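# Architecture at a glance
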Amino acid sequence: MATLFDTPTHSVPGASKFGLRLFLASLTMFFGASMVGYLVLRFTAPSWPPPGWPGLPPILWASSALILATSASLVLAVRSARRRGPEHGRTPLLVALALSFGFLVCQLLAWRQMMAAGLPPQDSLVAWSFYLLTFLHGLHVVGGLVPLIWTTAKNAPTLSGIELVAEYFHYLDLVWLVLFFGLWL
């Protein structure tokens, strides 16, 4: 008699979704700890931001719009895949891929603007916090590009693959909004 553990993971209903949610729970602790660390620095500093701080690069608004548009495109991919079949989710997946790359480009431009303003990471805790939090989030976006590219490039993308990629990016959107507004405080 076969047990759950004798069955390949890909054939256990819900195993992929459970695994993703377990991973997202661990990321929540990771990003939560990062934000708590940032907030402790922010609220214990004698002045925040320090005098002369030029503020965060305005391009962050564009990157926020791009990552939210990524989620919107993935919603369309899931809807198309559910209604007409997974192959119909490919075009919105391609759009989501382009938008995700656009987000990363905006993040790099924000770093460049910070450097041009004379604010390297070692300059202050405010700058260090900005670089660290945006790097950590960007790293997870890059990590999400791997399954997004894989799902998009498959000859026959699966509905579950599209749904899992969408859930991951929706999570990254939520994390970005928390980080973004936390940094603007």
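A brief look at the structure comes next. (Residues numbered from 1 in each chain as written. Predicted model: local features only at pLDDT ≥ 70, side-chain atom pairs only at ≥ 80, totals over all residues. Heavy atoms only, no water.)

### Comments concerning the packing of aromatic side chains
Applied cut-off: The criterion for an aromatic pair is that two Phe, Tyr or Trp rings (for Trp, the six-membered ring) have centres within 6.5 Å, with stacked assigned to planes under 30 degrees apart, edge-to-face to planes over 60 apart and tilted to the rest. Exposed residues in this analysis have more than 50% of their type's maximum accessible area, buried residues have under 20%, and partly exposed residues fall in between, with area computed by a 1.4 Å probe over protein chains only.
A full pass over the atoms with the stated rule returns 12 aromatic pairs. Between Phe30 and Phe31 the ring centres are 5.5 Å apart and the planes differ by 70°, which places this aromatic pair in the edge-to-face class. Of the residues examined, Phe30 reaches a relative accessible area of 36% and is grouped as partly exposed. Using a relative accessible area of 5% as the deciding quantity, one classes Phe31 as buried.

### Thoughts on the nonpolar core
Filter applied, for reference: By convention a nonpolar core is built from buried Ala, Val, Leu, Ile, Met, Phe, Trp, Tyr and Cys residues, the set being connected through side-chain atoms within 4.5 Å. Segments assigned H or I by DSSP are reported as helices when at least four residues long, segments assigned E as strands when at least two residues long, and all are numbered from the N terminus. A contact between two residues is defined here by any heavy atoms of the two lying within 4.5 Å.
Counting residues in hydrophobic clusters, the biggest one holds 46 residues, and the most contacted among them are Leu74, Phe130, Leu148 and Phe169. Looking at this core, the elements with two or more residues in it are α1 (15–44), α2 (59–84), α3 (90–116), α4 (125–153) and α5 (159–184). If one sorts the elements of this core by residue count, α5 sits on top with 12 residues. Setting aside residues up to four positions removed in sequence, Phe130 forms contacts with Leu56, Pro57, Leu60, Ala110, Trp111, Met114 and Leu183.

### Here we look at the pattern of salt bridges
The condition is simple: When a carboxyl oxygen of Asp or Glu lies within 4 Å of a side-chain nitrogen of Lys or Arg, that pair is called a salt bridge.
Under the defined criterion, the tally for this structure stands at two salt bridges. Glu167 is paired through a salt bridge with Arg21; the nearest N and O atoms lie 2.7 Å apart. In this pair, Glu167 sits in helix α5 while Arg21 sits in helix α1, placing the two residues 146 residues apart along the sequence. By relative accessible area, which is 18% here, Glu167 ends up buried. As a salt-bridge pair, Arg82 and Glu163 come within 2.8 Å of each other at their nearest N and O atoms.

### Regarding a nonpolar patch on the surface
Basically, it comes down to this: For patch detection, residues must exceed 30% relative accessible area and be free of salt bridges, and they are connected within 9 Å for like charges or within 5 Å for nonpolar side chains (Val, Leu, Ile, Met, Phe, Trp, Tyr). The accessible surface values rely on the Shrake-Rupley method and a 1.4 Å probe; as for residues, cover is taken only from the protein chains in view.
Among the surface-exposed residues, Trp61, Phe181 and Trp184 lie close enough to one another that they form a single nonpolar patch of about 340 Å² accessible area. Relative to the elements of secondary structure, Trp61 occurs in helix α2.

### Some remarks on the side chain of Glu163
Summarising the element assignment, Glu163 is placed in helix α5. With residues up to four places along the chain from it excluded, the contact list for Glu163 reads Val78 and Arg82.

### Considerations on the packing of α2 against α5
Condition: As a rule, the C-alpha atoms of each element are fitted with a line to give its axis, helices using only the stretch in contact, and angles between N-to-C directions run from 0 to 180 degrees. An angle counts as roughly parallel when it lies under 35 degrees, as roughly antiparallel when it exceeds 145, as roughly perpendicular when it falls between 65 and 115, and as oblique in every other case. We call a crossing left-handed when the near helix sits turned anticlockwise from the far one by less than a right angle, and right-handed when that turn is clockwise. Gly falls in the polar group here, along with every residue not listed as nonpolar (Ala, Val, Leu, Ile, Met, Phe, Trp, Tyr, Cys, Pro) or charged (Asp, Glu, Lys, Arg).
Following both chains from N to C, one finds α2 and α5 inclined at 160°, their axes separated by 9 Å at the closest point. Judged by the inter-axis angle, α2 sits roughly antiparallel to α5. In terms of crossing hand, the pair formed by α2 and α5 is left-handed. The class makeup of the residues in the contact of α2 with α5 is 19 nonpolar, five polar and three charged.

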